[in-house]
Amino acid sequence: MRVPSFAALYELSETLGAPLNLAAALNEVLEILETEFRAVAGVLALADESGALTVAAGPEGAVPIRRPRARISDTILAQVVRSGRPVAIPQISAEPEAAELTRLVPASRKSRLGREQSFLCVPVPVEGKPAGVLALLFPYERGLDIKNALDFLGVAASLTGQALRVNRLVEAERKRLVEENQFLKQELRERYDLRNLIGTSHPMREVYEKVAQVAPSATTVLIQGESGTGKELVAHAIHHNSPRSGMPFIKVNCAAMPENLVESELFGYEPGAFTGAQTLKKGRFELAHGGTLFLDEVGDLSPTTQVKLLRVLQEREFDRLGGVKPVKVDVRLITATNRNLEEAMRKNLFREDLYYRLNVFAIFLPPLRDRRTDIPLLADFFVEKYGRQHGKSIRRIATTAIDMLMSYHWPGNVRELENCLERAVLVCDGGVIHGHHLPPTLQTAEVSGTLPSQSLEEAVAAFEKDLILDSLKIARGNKARAARLLQTTERILSYKAAQLQIDPVRFKPRSDKNVV
C-alpha cells in the first residue's frame, strides 16, 4: 500500500470545508480514503446519546445522517468510541474478535478480498469527545507503516469532526431561527387578530364585519379615513386573517418617498438603468410576491406611477426600470388614503380608471369623534401599555380626566389619544391619572381656572373696539378709509366709535389736528 499523499489531505479539507450537503460530503471523504488506502470497505459511523453507532457513510453511497441505514454493535468499533483511542490490526486473522469485520465488505467487492486483511479504526472527535468512528479494511501488505497510516486517518477524522461540529452549530441555529420565526408569526397573528382591534361602537362593528368578509379572499381593498384612525392596523388584520398570512406583508408609504424614487421602490431596477444603479434591485411588488402589498397614502402617487400601478392591477406584471422583460407577480393589494379620491378625480389629480380598480372593496374608518364610546376602552389599553413599558403601576383614570377625554374633539384621532396618554403616564407620579396630567390642549376652562370673567355683550364690545382702533390707526384717523378696511359704511363706523367712546381725531397726524 502506498503512503497517502498530501494532495489527498488537501482534497479532504476542500470537501469538508463548506459542505452544502454533509451526508454527500461524508461519503466523498470515505471514497477518497478508500482510494488512497486501496480499501475494500470503509465505514463512518456516528454515536447517538446512548452510545449506539449508526452508519453515516458507507460503500453503498450517500446515506442521510437523519435516516440511519443500519446499527453497528461490533465490539471493536464500540470500544474505540468508548475509549477514544485508535485501533490498528495489521492482520485480522490474528484477532478472533476482528473476524466479523469482513462482513462490512459489500457483495460487489468480495472478489477483492485477499487471504489477509488489515484494519484501522480511529475516533471522530467533536469538541474533545468521540462522536463516532472512521474505519477502513484493506488488503494486508508487508512493510506497512501502521503509525503513518493511523496518523493520516486521524487527521482525516479530525477534519470530519470539525465539519460535524460546524454542521451541528448551523443546524442548532437554523432550528432556533425556525422556532423564533414561528413564534413571531404567531405573535403577529395574535396581535392583529380581529378580537384585538379595540372598539365596540356601531361604526367599528361595521368595520369588523367588512374585514371578516374580505380577509379570506384576494380582493383589492381600499381603506379610507382620516389620519390616525388606524388604517394600517386594519390592513394588518386583513393580511394576517387571510390565506396569505404566512407570506410577506410589505408596507410602502407613498407620501414619505420623493416622487423620483417611488417608481424604483415599487418596481425595482436593472443594472445600468440610471447613474449609480450597479446591481439589480427588486421592487416592493416582487418582495411581496405571494403575499400582500400595502400602499399607504396612495392618493399622493404621481400620474406616471398611477399608470404603471394600473397595469400591474390589470396584467399582474410590470417592467423594472431599465428592464425589457416583464416580471409576473401574485400580490394582493391593500391601499389606504386620507384624501377624498372622488374629489381628486374631478380635479384630474387621480385617474378614474385606477380609482375603480382600487375601490373593489372599500372600508371606511370613522374618526374618533364619531365613536366616543370607544374612548374609555382605548384609554385603558394605552395606559396599561405605556405603564408596562415605562415601569409604572397606573391603576385607573380619574373621572375628571375621562370627562376631558370624552369632551375633546380629537383632530388627530386615535394617534393623538395615544400620544396624550403616553405623556400622562410619564408625568403621573401616583397610581391615578388626573385631569392635570393631560396636555394643555385638553384642559377645559373649569379645570384650568380660565372661566370667562365677562359677559358675551362685553366681550363683543371689546372685540369691536379693538377692530375699530386698529383700522383707525392704519387709516391715520381717516374714517372713510377705516370703514373701507372694515368693509362697512362711514356712518356705522362713526356710530360705533361714538358708542365705544373712541375719538378718531387723536389718530390723525399732528398737522391735520392743527388745521381742524
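Structure: above.
Applying the stated rule across the entire model yields 23 salt bridges. The residue Glu173 makes a salt bridge to Arg176 at a minimum N-O spacing of 2.7 Å. With Glu173 and Arg176 both in helix H4 (residues 146-191) and three residues apart, this pair spans about one turn of that helix. Classification of Arg176 as partly exposed rests on a relative accessible area of 39%. A salt bridge links Asp374 to Arg371, with the nearest nitrogen and oxygen atoms 2.9 Å apart.

Okay, the packing of helix H5 (residues 202-214) against helix H6 (residues 231-240) next. Here H5 crosses H6 at 35 degrees, and the two axes come no closer than 9 Å. Pair H5 / H6 crosses with right-handed handedness. Contacts from Val207, Val211 and Val214 in H5 reach Val234, Ala237 and Ile238 in H6. Of the residues assigned to the contact of H5 with H6, the class counts are six nonpolar, no polar and no charged.

Pairing in this open sheet of five strands is parallel, and the strands run E9-E12-E15-E8-E16 from one edge to the other. Strands at the two margins of the open sheet, each flanked by one partner only, are strand E9 (249-253) and strand E16 (361-364). If you compare each strand with its neighbour and ignore which way they point, the axes differ by 15 degrees on average. Across the sheet, H5 is in contact with strand E8 (221-224), strand E15 (332-337) and E16; its angle to E16 comes to roughly 155 degrees.

Turning our attention to unusual backbone geometry. Its identity as a non-glycine residue notwithstanding, Trp410 has a phi of 50 degrees, on the positive side. Note that Trp410 resides in the loop between helix H13 (399-407) and helix H14 (413-427). The backbone of Asn413 shows a phi angle near 60 degrees, a positive value even though the residue is not glycine. Inspection of the secondary structure assignment puts Asn413 in helix H14. Taking relative accessible area as the criterion, Asn413 reaches 0% and is therefore assigned buried.

How two aromatic rings sit relative to each other is set out by the distance from centre to centre and by the angle between their planes. In total, this model carries nine aromatic pairs according to the counting rule given. Pairing Tyr355 with Tyr356 gives two aromatic rings, centres 5.4 Å apart and planes at 65 degrees, and the pair type is edge-to-face. Considering the side-chain rings of Phe381 and Phe382, the 5.5 Å spacing of their centres and the 65 degrees angle between planes classify their relative orientation as edge-to-face. Classification of Phe382 by relative accessible area gives buried; the value is 5%. Site record: aromatic cluster; members linked through ring pairs are Phe37, Phe138 and Phe152.

Following the criterion strictly, the structure yields one cavity of 30 Å³ or more and no others. By volume, the largest cavity is sized at about 40 Å³. Forming the boundary of the largest cavity are Phe285, Val312, Leu313, Arg316, Val329, Val331, Arg332 and Leu333. At the level of secondary structure, the elements contributing two or more residues to the lining of the largest cavity comprise helix H9 (303-315) and E15. Across the lining of the largest cavity, the residue classes break down as six nonpolar, no polar and two charged.

In a regular helix each residue adds 1.5 Å, so 16 residues correspond to 22 Å; helix H2 (residues 22-37) covers 23 Å between its end C-alpha atoms and thus fits that length. Counting buried positions over the 16 residues of H2 gives 12, a clear majority of the element. For H2, every residue scored as buried is listed here: Leu22, Ala23, Ala25, Leu26, Asn27, Val29, Leu30, Ile32, Leu33, Glu34, Glu36 and Phe37. Remark: Arg38 follows H2 within two positions and exhibits a positive phi of approximately 50 degrees.

One finds Leu26, Leu33, Phe37, Leu120, Leu134 and Leu153 to be the most contacted residues of the largest nonpolar core, which totals 33 residues. Broken down by secondary-structure element, the contributors of at least two residues to this core are helix H1 (6-17), H2, strand E1 (41-47), strand E2 (53-58), strand E6 (117-126), strand E7 (129-139) and H4. Top element by residues in this core is H4. It accounts for nine residues. When sequence neighbours within four positions are dropped, the list of residues in contact with Leu134 reads Leu30, Leu33, Val43, Leu44, Leu120, Cys121, Val122, Val124, Leu153, Ala156 and Ala157. Ranked by size, the runner-up nonpolar core spans 30 residues in total, among them Leu222, Phe267, Leu309 and Val331.

Moving on: the layout of surface pockets. To find the voids left in a structure, one rolls a probe of water-molecule size over its atoms. If you add up the space inside the largest pocket, you get close to 940 Å³. Every residue lining the largest pocket is counted, 30 residues in all, and those nearest its centre are Gly230, Leu233, Phe382, Val414 and Glu418. Mapped by element, the contributors of at least two residues to the lining of the largest pocket are H6, E9, helix H12 (375-389) and H14. Element by element, the count of residues in the lining of the largest pocket is highest for H12, at six residues. The class makeup of the residues in the lining of the largest pocket is 11 nonpolar, seven polar and 12 charged.

How each quantity is defined
For every chain, the first residue of its written sequence is number 1, and the numbers climb from 1 along that sequence. Local features are withheld for residues below a pLDDT of 70 in this predicted model, meaning they are given only at 70 or higher, and side-chain atom pairs are given and counted only at 80 or more; totals for whole chains, interfaces and linings count all residues. With hydrogens and water stripped out, all remaining heavy atoms of the structure feed into the side-chain values. We define a salt bridge as a contact between a side-chain nitrogen of Lys or Arg and a carboxyl oxygen of Asp or Glu at a distance within 4 Å. Strands here mean DSSP runs of E at least two residues long; helices mean DSSP runs of H or I at least four residues long; both are numbered from the N terminus. Exposure categories follow from relative accessible area, calculated using a 1.4 Å probe and restricted to protein chains: below 20% of the type maximum is buried, above 50% is exposed, and the middle band is partly exposed. Comment: axis = line fitted to C-alpha atoms, over the contacting stretch for helices; angle = value between 0 and 180 degrees taken between N-to-C directions. Each helix crossing is assigned a hand: it is left-handed if the near helix lies turned anticlockwise from the far helix by less than a right angle, otherwise right-handed if that turn is clockwise. A contact between two residues is defined here by any heavy atoms of the two lying within 4.5 Å. The classification used treats Ala, Val, Leu, Ile, Met, Phe, Trp, Tyr, Cys and Pro as nonpolar, Asp, Glu, Lys and Arg as charged, and all other residues, Gly among them, as polar. At least two DSSP bridges between two strands are needed for those strands to be called paired. Whether two aromatic rings pair depends on their centres lying within 6.5 Å, for rings of Phe, Tyr and Trp, where Trp uses its six-membered ring; planes under 30 degrees apart make the pair stacked, over 60 edge-to-face, and the rest tilted. Residues are called lining when one of their atoms sits within 4 Å of a cavity or pocket point, these points coming from a 1 Å grid over the protein atoms alone, where a cavity is a set in which a 1.4 Å probe fits but cannot get out and a pocket is an open set with protein on both sides within 12 Å along at least five of seven lines. Grid points are joined across faces, edges and corners, and a volume is the space filled by probe spheres set on the points. Here the expected span of a helix is defined as 1.5 Å times the quantity of residues minus one. To qualify as a nonpolar core, a set must consist of buried Ala, Val, Leu, Ile, Met, Phe, Trp, Tyr and Cys residues joined through side-chain atoms within 4.5 Å.

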